[in-house]
Amino acid sequence: MRIEFVPADLHAGATAAVAVLAHEAAALSPEARVIDEATGGALARAIAGGRFTGAKGQILDLVAPHGLEAARVVLVGVDGVGAVEPEAVEAAAAHAFQAVKASGVTELVLKLGADAETAARAAFGVKLAAYRFDKYRTTEKAEKKPSVTVVKVAAADPVKAAKVYEGLNALADAILFSRDLVSEPANILHPEEFAARAKSLESLGLEVEILGEAEMAKLGMGSLLGVGQGSVRESQLVIMKWNGAADKSAQPIAFVGKGVTFDTGGISIKPADGMEDMKWDMGGAAAVTGVMHALAGRKARVNAIGVLGLVENMPDGNAQRPGDVVTSMSGQTIEVINTDAEGRLVLADALWYTQERFKPKFMIDLATLTGAIIISLGHDYAGLFSNNDGLSEKLLAAGKAERENLWRMPLPAAYEKQIESPIADMKNIGGRPAGSITAGLFLQKFVNGVPWAHLDIAAVAWRKPSTDPTVPDGAVGFGVRLLNRLVADAYEG
Ligand code: BES
Ligand code: MN
Ligand code: ZN
């Protein structure tokens, strides 16, 4: 699907749908009024004869409107009374696209507001909404596929709108790259393949280093390596660097991702039902890859490091056993009570490595870490755990701005009792109470006092059904928008 910016008075042809906005009490936007007049009041009549109120996300679909050449008119509700926030335009554009994508029209013309910022946000919303992971579908009938092949976004100054869109387009590309990683099945996207895809981003100007098992063994990463030892796939540690700050030696910021390309649970094996979901247990690493893609794509003025801990957690004759004790790179020992609590074992070494090698301003890890966070917060919030109030505030604000909401959870020292081991420095599970918090407390032992935040994204990395028109069912790419915004608003200078 192609996206173009066109003049505001563009005449939509016979194979097109035109989308316009309506506010509270079904008040028509200026563009909608033009259409209402051209059709002899057809929009007003359709509103009068139905329940359309202009509420956010509501759609009124007018087919074969008399007086217009266009095949359809789509009236999209956005609430409010007048000026529309760019964010609302993004959602409205996505709603319009969802409404007509398989209707048979080949073209969608968006007339949602003519200024450059509004037009650019509409294009962004549509690009995200149109995501499909269909590379493995070889027999889908043409009539089931989306019919819309081009989206024309009307703007007073199309050239200016296209210019404003450049940054958003780079962000969208990064989000879609991240969604592709999350969507790929685990037979294709194993640790080495993931590392290769990260490496391919060198074309954007990133520097990408890959460590294999021998190198990690030399570094003493017994905690990460223990998780991958039952897999025939080699574990990988990927280090991505973006050096965009004016001062090339300025202290970097760092992102660390859990990349379990498949989580069977290992010897503490998971139940069969729903286990296929564990192909997306690398959603944290996908988010980190995505944010590095976005920073490079828009040439962000910041020095940033992305570290991915990539492993496959399999049961096998060589797999680690419950009760095994491993020694992490930090020197701390861990009794592995449950091999299914593997994400924290991977992050323990990835976090330690990151702070030791890069001495970052802060580290933020993202991980599909616990089922318990789904119980705590449901699917509309990711859990935020942090040793730093300033960083937390900035993350909460960035999340709100990008509709990737976070909710801060506590890290009470008293709960560390739950992960004490009789034979090692800690154990890797803390029992059922506060399962996401004890996971956070475990990670905190590997940050060495560096300002740090942990985002537990187990509930938000994959949405089915999705409640956001810019996110089709499945991979969200959660975290890319959020972290890109954090950098843009607080760390670019
Ligand atoms: N990858 C899972 C967490 C998860 C669950 C992610 C559901 C997405 C959806 C993680 O590795 C895991 O298995 N966690 C265990 C920890 C337990 C053994 C302490 C869990 O949450 O059950
Ligand atoms: Mn697990
Ligand atoms: Zn896992």
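Residues numbered from 1 in each chain as written. Chains lettered and ligands numbered in written order. Predicted model: local features only at pLDDT ≥ 70, side-chain atom pairs only at ≥ 80, totals over all residues. Heavy atoms only, no water.

Visitor: Can you explain the coordination of the manganese ion (ligand 2)? Please cite residues and give values.
Guide: Around the manganese ion (ligand 2), the donor atoms from the protein are Asp-263 (OD), Asp-340 (O), Asp-340 (OD) and Glu-342 (OE), and they sit 2.0 to 2.2 Å away. Positions of the donor residues of the manganese ion (ligand 2) along the chain correspond to the pattern D-x76-D-x1-E. (Donors = N, O, S within 2.8 Å, 3.2 Å for Na, K, Ca; no water.)

Visitor: Requested: an account of the coordination of the zinc ion (ligand 3), with residues and values cited.
Guide: The zinc ion (ligand 3) binds to the protein through Lys-258 (NZ), Asp-263 (OD), Asp-281 (OD) and Glu-342 (OE), with metal-donor distances spanning 2.0 to 2.4 Å. Note that the zinc ion (ligand 3) binds six donor atoms; their angles at the metal cover 78 to 175°, and the shape is octahedral. Separating the zinc ion (ligand 3) from the manganese ion (ligand 2) is a gap of 3.2 Å, which Asp-263 spans by donating to each of them. Assigned by exposure class, Lys-258 and Asp-263 land together as buried. (Tetrahedral: all angles 85-135°; square planar, octahedral: opposite > 155°, others 65-115°. Buried < 20%, exposed > 50% of the residue type's maximum accessible area, 1.4 Å probe, protein only.)

Visitor: Before we move on, can you summarise the site of ligand 1 with the specific residues and values?
Guide: Looking at ligand 1, there are 16 residues lining it, with Lys-270, Asp-281, Asp-340, Glu-342 and Gly-371 nearest. Taking Lys-258, its side chain carries an N or O atom lying 3.2 Å from an oxygen atom of ligand 1. Contact between ligand 1 and Gly-371: an oxygen atom at 2.7 Å from a main-chain N or O atom of the residue. For ligand 1, the protein covers 78% of the area, taking 520 Å² as the surface of the free molecule. If you map ligand 1 onto the pockets, it falls in the largest pocket. Taken together, the residues of the shell around ligand 1 break down into five nonpolar, four polar and seven charged. (Near = heavy atom within 4 Å. Polar contact = N/O pair within 3.5 Å; in protein donor to acceptor, adjacent residues only side chain to side chain. Areas by Shrake-Rupley, 256 points an atom, 1.4 Å probe, with all protein chains shown as cover. 1 Å grid on protein atoms, 1.4 Å probe; cavity = no way out; pocket = protein on both sides within 12 Å on 5 of 7 lines; lining within 4 Å. Sits in = over half its atoms within 2 Å of the grid points. Nonpolar A, V, L, I, M, F, W, Y, C, P; charged D, E, K, R; others polar.)

Visitor: Now, about the sheet that holds strand E2 (residues 16-22): what can you tell me, with residues and values included?
Guide: Sheet strands pair by backbone hydrogen bonding; their relative direction is either parallel or antiparallel. Strands sit in the order E1-E6-E5-E2-E4-E3 across an open sheet of six strands; the sheet is mixed. Every interior strand has two partners, whereas the edge strands, strand E1 (2-7) and strand E3 (59-63), have only one. Strand-to-strand twist of the sheet, defined as the mean angle between neighbouring strand axes without regard to direction, takes the value 25°. Where E3 meets strand E4 (residues 72-77), five bridges bridge the pair, whose relative direction is antiparallel. Looking at the pairing, Leu-60 lines up with Leu-75 of E4. Against the sheet, helix H5 (residues 158-183) touches E1 and strand E6 (150-155), its axis set at about 145° to E1. (Pairing = 2+ DSSP bridges. Helix = DSSP H or I, 4+ residues; strand = E, 2+ residues; numbered from the N terminus. Axes fitted to C-alpha atoms, helices over the stretch in contact; angles between N-to-C directions. Contact = heavy atoms within 4.5 Å.)

Visitor: So, the pattern of salt bridges: which residues are in play, and what are the values?
Guide: Summed over the entire model, instances satisfying the criterion amount to 33 salt bridges. Here Arg-463 ties to Asp-380 by a salt bridge, and the two come within 3.4 Å at their closest N and O atoms. Of this pair, Arg-463 sits in strand E18 (residues 462-463) while Asp-380 sits in the loop between helix H11 (372-377) and strand E14 (382-386); the two residues are 83 residues apart in sequence, bridging distant segments of the chain. Judged by its relative accessible area of 49%, Asp-380 falls in the partly exposed class. Salt-bridge contacts for Lys-417 lead to Glu-420; the nearest nitrogen and oxygen are separated by 3.5 Å. (Salt bridge = Lys/Arg side-chain N within 4 Å of Asp/Glu carboxyl O.)

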